[in-house]
Every structure is written in C-alpha cells, then in structure tokens.
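Reading the structure
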Amino acid sequence: MQRLAIISYHTSPLVQPGTGEGGGMNVYVKQLASALARLGISCDVYTRAYSPTLPACVTVEPGFVLHHLPAGPLSELTKPDLLEHVSEFTENVLERIRMNPGQLPDAIHANYWLSGIVGHALKHALEVPLITTFHTLEKVKAKDRAVPDDEISENLRMEEESRIIYCSDQVLASCEVEADEISTLYDLDRSRISIVPLGVDHAFFSPGNRDMARRAIGLPTRGKMVLFVGRIQPLKGADIAVRSFARIASRVPDAFLAMVGGPSGPFGNDEILKIKSIVAKERLNKKVYFFDPQPHEVLSSFYRAANVCLVPSRTESFGLVALEAAACGVPVVASNVGGLKTLVVHGSSGYLVTDRTAGEFARYLVKVLEDPSLARPLQVAASSLSTSYRWRDSALRLQQVLVGLTAKELLECG
Ligand code: UDP
C-alpha cells in the first residue's frame, strides 16, 4: 500500500475545529493523514473548495497533499446544499486522480456519509477498496433523539449510509462500543469492521502548570475551573454543562466555568441563546466565561488550566475532547455513551454519568472539586489512560487494515 485517497468532502482538515462543521473529524483527517505519510503512505486528501482564495493544492507535509476541488459555489454551504454538489465533486476528484496515471490510489478512505457517497462512486470507477469512517451515523443518533433532525438526515442519509456500509470493504470504528453499535444496527458481520482508535498529540496535550496556563489565557489563578469544549449544538449538551454548574455555584463559591466553542449546525445559534439565557437567569454572568473556538494547540492551555472537564454529550462516537483533557491530566465527567465509555474509567480517571441530567453531573462535579484526596489520583489515572492513544498507533493500525484489503477481492456492492 503506497497511496491513499482520503475524501473529506464537506469540511477541510485545515479549518478551525470547534465551530460550524469543524470538529473531531477535521482533527482526525489531519492527524491520521500526517501519521500515515510519516509511515510512507502518500495521502491525497480531497475537500471541497469553499472560497475562491484557496490554492488548488497544499502540501501540508511531505506525503500529505490537500486538494481543494470546486463543487457548486465557492462559498460555505449548508448540508442540504452540499448534497446537491456531491456528483460534481466526485467527477472533479476522478479527473484530478486521472491526471496522474502513475499515482493512482491503492484505496479510498471516505469520511462521513457525504464523502461516503463520493467514495462509493470512486470505488467502482477505480476498482480499488473503499474504507469508510462515518464519525456519526444517523441510526445511532436516531436512537436517542430529543430534538428533530432535518429531513435530509432522517430519510436520505439513513438510506445512503446503508448503501455505503454494505459496499465498504472495511468500516472503521474508533472503539468496541462503536463497532458493536454498527454491527448490531446494520446487521454487519464483525469481520467487516476494524477498530482504529483515534489518538492525541502528546507534544501539545500534556500535564502542565495550572497557574501559568490560566495566566496565558487570561483566567483567574484562584478558584476551581470547570471546562466545556466543543461545538455548541444540542447533541453536545452545553446546556447541561451550564445547568450543572449553576447547581454547584453556591456550594463551591470560588468555582467558575469556561465554555470554549462556537455555534454548529441548524440549531447552533438557538443553543447559544439558550445557554446565555440560563447564565443570565441564574445570575452567573461573572462566573461563566465564553471563548471563541481556539486553535487546536492553544486549547491545551485551557485543559491545563482546568480542575475538571465536562463532556455531557447525548451521543459521541469517540470524544476527542475527553481524551485531550485526560492527556493534560484533567479528570473528565462525561455522559456514559459511545466512545466516552472507553475514554473515561468511572471512579478512576473521572466519572461516567448514566442519568444525563444536570443534577447527576453536578453530583460528580462536587465530588471532583470538593474532595482534595481525589484530585491527584484522578489526574494521574487520566493522564496514564491517555498514553495508550497515539496517532502513530492509529496509522499503524490503519496500515494493517489496508495491507489486509489489498490481499482480498473487492467486495461486491450488496
Ligand atoms: N477543538 C478545537 N478548538 C476548539 C474546540 C474544539 O481545536 O475551540 C477540537 C478539539 O480539540 C477536538 C475536536 O475539536 O479535537 C472535537 O472533537 P470531539 O471528538 O470532541 O467532537 P466532535 O466535534 O467530533 O463532535
């Protein structure tokens, strides 16, 4: 295996994560492509050009080239509009690939269902294996939906995801929990699913001096800091973070909450208004600090500054924020869902909350913040757990999957 075509149609690995469509998938594509390139696998990442000022190609590092290809207007598009331009994008990827007949890919790696549609077509056009990482699946989200999704997601997305799954030579899952979910919901044989855990860049995300970190980001050095990081949208439960903080604010009077992230998806702006109204109603304006999305590397100072990180997501296929916090030695209080079940060891590196209510999150927040005998062991366990997650290991695992596939016949579309 020498060359991999990675499809990241709807969002570029170089955009700022933490707002809009930018999140864990962007970090994943960038870090995995870098780590694969360092193993000697050339990665061409194909993404949609969302601005007229973007160069056609960017060499991110040796062996990792990002291609911006037009599909529809050269501007940001919503998901329904993106769907309209998938075929145009597919044609443009094919044309770009065929411009260099000596550099045809040995496999396609599609990310998210929209790229899965592209990858599925490319598999048949180029007759190479298709590997898909879904990041989120509509059937998983639908299991526990408190708010309606848009129509596209509920109908077309579900159908497309099934089509892509049954034609993927391998589906990648980030952990056993996700693999089980995919296997059960799609009745897919486990041999068709490979676990490739995500990683964390320990060069940035590592324990450090809390006071210095707080000074660097302009937060008080005194007091207990509760942190929430992520795209603000109903799925992420930022409202639960604020409500649970409101419950402990008078009991732990020196505590404050830092919220890092920007609106995402069709309900993102409403979610921000909701959170700000809770803050105002609970009279917490002086105790809740809002920050715009931060460059990935700068975020490490936010983790180091914190006493605890809250991850109250409704669903989470992996949960990079929980892993990054742990790598900085910060205990995590997270929902007991998806990949978070793997990334938090209940009672050791943090706490998993099964009853996803502000009251339950507050109960564990108090435990972490008020019991001084717990703080150190939690920090040590969190940081130690994170050491088994490295992007190089993710790339090595994916390399094994790729080698296995080149030895097999292409899976028939089923
Ligand atoms: N992130 C960031 N800056 C921000 C907020 C988030 O770099 O201001 C990154 C964060 O470090 C993590 C990713 O965005 O790597 C979010 O991934 P996660 O798996 O937690 O959630 P997702 O966005 O995939 O739902």
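Use the structure listed above.
This text gives an overview of the structure that appears in the document. As the structure is a computational prediction, the values presented were derived from the model and not from experiment.

**Description of the overall build of the protein**
A tally of regular secondary structure across the protein gives 16 helices and 14 strands. In terms of C-alpha radius of gyration, the protein reaches 21 Å, essentially the compact-globule figure of 22 Å for 414 residues. Seen along its three principal axes, the alpha-carbon backbone of the protein occupies a region of about 65 × 45 × 40 Å. Out of the 414 residues in the protein, the part that is buried amounts to 57%. Residue pairs at least 24 apart in sequence account for 68% of intrachain contacts in the protein once pairs closer than 6 positions are excluded.

**Remarks on the side chain of E360**
By the element assignment, E360 lies in helix α14 (residues 358–370). Here the side chain of E360 touches R363 through a polar contact of 3.0 Å, side chain to side chain. Contacts of E360, omitting those with residues within four sequence positions, involve V353 and D355.

**Concerning the site of the ligand**
Close to the ligand lie 19 residues; R231, K236, Q294, L320 and E324 are nearest. A distance of 2.9 Å separates an oxygen atom of the ligand from a polar atom in the backbone of L320. Residue contributions to the shell around the ligand peak at 3 residues, all from helix α12 (residues 320–327). In the shell around the ligand, the residues fall into 8 nonpolar, 7 polar and 4 charged.

**Let's talk about helix α8 (residues 210–217)**
Within α8, the full set of buried residues consists of A213, R214 and I217. Down the axis, α8 shows its buried residues gathered within 100 degrees of arc, on one side only. Seen from the buried face of α8, the exposed residues on the opposite side, beyond 90 degrees, are M212, R215 and A216. For α8, the secondary structure elements touched by its buried residues are β9 (225–229), β10 (256–260), β11 (288–291) and α11 (299–305). Of the residues flanking the start of α8, the one acting as N-cap is N209, its side-chain oxygen 3.0 Å from the backbone nitrogen of D211. Residue G218 follows α8 closely and has a positive phi angle near 75 degrees.

**Concerning the sheet that holds strand β7 (residues 170–173)**
With mixed pairing, the 8 strands of this open sheet are ordered in space as β3-β4-β2-β1-β5-β6-β7-β8. The open sheet terminates on both sides in strands that have one partner only, identified here as β3 (57–61) and β8 (193–195). Direction aside, the axes of adjacent strands within the sheet are offset by 25 degrees on average. The pairing of strand β1 (residues 3–7) with strand β2 (residues 42–48) spans 5 bridges and is classified as parallel. Pairing of L4 across the sheet is with C43, part of β2. Along the sheet, helix α4 (residues 112–126) contacts β1, β5 (107–111) and β6 (130–133); its crossing angle with β5, the most-contacted strand, is approximately 165 degrees.

**Quick word on the sheet that holds β11**
Strand order in the open sheet made by the 6 strands is β11-β10-β9-β12-β13-β14, with parallel pairing throughout. The open sheet is flanked by β11 and β14 (350–353), the only strands paired with a single partner. In this sheet, adjacent strand axes meet at a mean angle of 20 degrees when their direction is disregarded. This element, α12, spans β9, β12 (308–311) and β13 (332–335) of the sheet and lies at about 170 degrees to β12. Contacts from α14 reach β9, β12, β13 and β14, with the element oriented near 170 degrees to β14.

**Points about the packing of helix α3 (residues 86–98) against α4**
Following both chains from N to C, one finds α3 and α4 inclined at 45 degrees, their axes separated by 10 Å at the closest point. Classified by the interaxial angle, the pair formed by α3 and α4 is oblique. In this structure, the crossing between α3 and α4 has a hand that is right-handed. Along the contact surface, α3 presents V86, F89, T90, V93, L94, I97 and R98, while α4 presents L114, I117, V118, A121, L122, A125 and L126. Classifying every residue of the contact of α3 with α4 by side-chain character gives 12 nonpolar, 1 polar and 1 charged.

**Examining the packing of aromatic side chains**
Applying the stated criterion across every chain, the model contains 8 aromatic pairs. Both rings, one in F205 and one in Y303, keep their centres 5.7 Å apart while their planes meet at 65 degrees; by these two values the pair is edge-to-face. With F205 in the loop between β8 and α8 and Y303 in helix α11, this pair connects stretches of sequence that are 98 residues apart. When sorted by exposure, F205 lands in the same class as Y303, which is buried. With a centroid separation of 6.1 Å and an interplanar angle of 70 degrees, the aromatic rings of F318 and Y389 are classed as edge-to-face. Of this pair, F318 sits in the loop between β12 and α12 while Y389 sits in the loop between α15 (372–386) and α16 (391–406), and the two are 71 residues apart along the sequence.

The rules we used
- Residues numbered from 1 in each chain as written.
- Predicted model: local features only at pLDDT ≥ 70, side-chain atom pairs only at ≥ 80, totals over all residues.
- Heavy atoms only, no water.
- Helix = DSSP H or I, 4+ residues; strand = E, 2+ residues; numbered from the N terminus.
- Rg over C-alpha atoms; globule rule 2.2 N^0.38 Å.
- Buried < 20%, exposed > 50% of the residue type's maximum accessible area, 1.4 Å probe, protein only.
- Contact = heavy atoms within 4.5 Å.
- Polar contact = N/O pair within 3.5 Å; in protein donor to acceptor, adjacent residues only side chain to side chain.
- Near = heavy atom within 4 Å.
- Nonpolar A, V, L, I, M, F, W, Y, C, P; charged D, E, K, R; others polar.
- Arc of directions from axis to C-beta.
- Pairing = 2+ DSSP bridges.
- Axes fitted to C-alpha atoms, helices over the stretch in contact; angles between N-to-C directions.
- Parallel < 35°, antiparallel > 145°, perpendicular 65-115°, else oblique.
- Left-handed = near helix turned anticlockwise from the far one by under 90°.
- Phe/Tyr/Trp six-rings, centres within 6.5 Å; stacked < 30°, edge-to-face > 60°.

From the geometry alone we can't say anything about function, so treat these as descriptive.
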